[in-house]
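# Architecture at a glance
The lines below spell out each chain.
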Amino acid sequence: MLFISHSAAVALGFALGIYALPILTAPPAPDAAMLQERAQGAAFSAEFTRDLAGSDFLHWGEGRISLTDTQIVHEGKLAPGPDYKLYLLPTFVEDEAGFEGLRPQALRIGDVKSFSGFVLDLPEGVDLTRYNTVLVWCEAFGEFITAAQYR
């Protein structure tokens, strides 16, 4: 019984550590004024919502996502977690299976490190019209976080 209770405590502590570490080590999010300024003149925009098939109480995103010729700007919140990546996709998906099926066609933009808004630079030469969806994915656990169709 002692072994079982200690094992459960270690497992719970490990799980809480994995969840809390990204929150504790996340860089400060950009301020709202800077996010609004960077989003001005966006060629495309969309909304992240919590009501997607692949989202749940631990994996979600909400807020406005704006795509300019040089950057992707998120004004909103993401559920905290480790190893988030932002992708562009040619087709809208809303769960893990959908993303895994389209992964060969996805373009990885970069790492998402803050959970209260972010700005990511687009790689040079990216044609946003070749894609229609922005997706946040947890690489470490293969978890869908959120997606938004911008065209």
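This write-up is about the structure you can find in this document. Here the structure is a predicted model, which means the values were calculated and not measured.

## Remarks on the pairing of strand β4 (residues 84–89)
Extensive coverage of β4 is indicated by the burial of 6 of its 6 residues. Burial along β4 is two-sided: the residues Tyr 84, Leu 86 and Leu 88 and Lys 85, Tyr 87 and Leu 89 are all buried. Strand direction decides the pairing type here: β4 and strand β7 (residues 133–138), joined by 6 bridges, are antiparallel. From the neighbouring strand, Lys 85 faces β7, where its bridge partner is Trp 137.

## Quick word on the pattern of salt bridges
With the rule as written, the count across this model stands at 8 salt bridges. Between Arg 108 and Asp 111 there is a salt bridge, with its nearest N and O atoms 3.7 Å apart. The exposure class of Arg 108 is partly exposed, given its relative accessible area of 44%. With a relative accessible area of 31%, Asp 111 lands in the partly exposed category.

## Description of the pairing of strand β3 (residues 71–78)
Pairing of strand β2 (residues 61–67) with β3 involves 7 bridges; the strand directions are antiparallel. For Ile 65, the partnering residue across the bridge sits in β3 and is His 74. Taken together, β2 and the strand that follows it, β3, pair antiparallel across an intervening segment of 3 residues. Across 4 bridges, the pairing between β3 and strand β6 (residues 118–121) is antiparallel. Bridging from a neighbouring strand, Ile 72 pairs with Leu 120 of β6.

Reading the values: the criteria
- Residues numbered from 1 in each chain as written.
- Predicted model: local features only at pLDDT ≥ 70, side-chain atom pairs only at ≥ 80, totals over all residues.
- Heavy atoms only, no water.
- Buried < 20%, exposed > 50% of the residue type's maximum accessible area, 1.4 Å probe, protein only.
- Helix = DSSP H or I, 4+ residues; strand = E, 2+ residues; numbered from the N terminus.
- Pairing = 2+ DSSP bridges.
- Salt bridge = Lys/Arg side-chain N within 4 Å of Asp/Glu carboxyl O.

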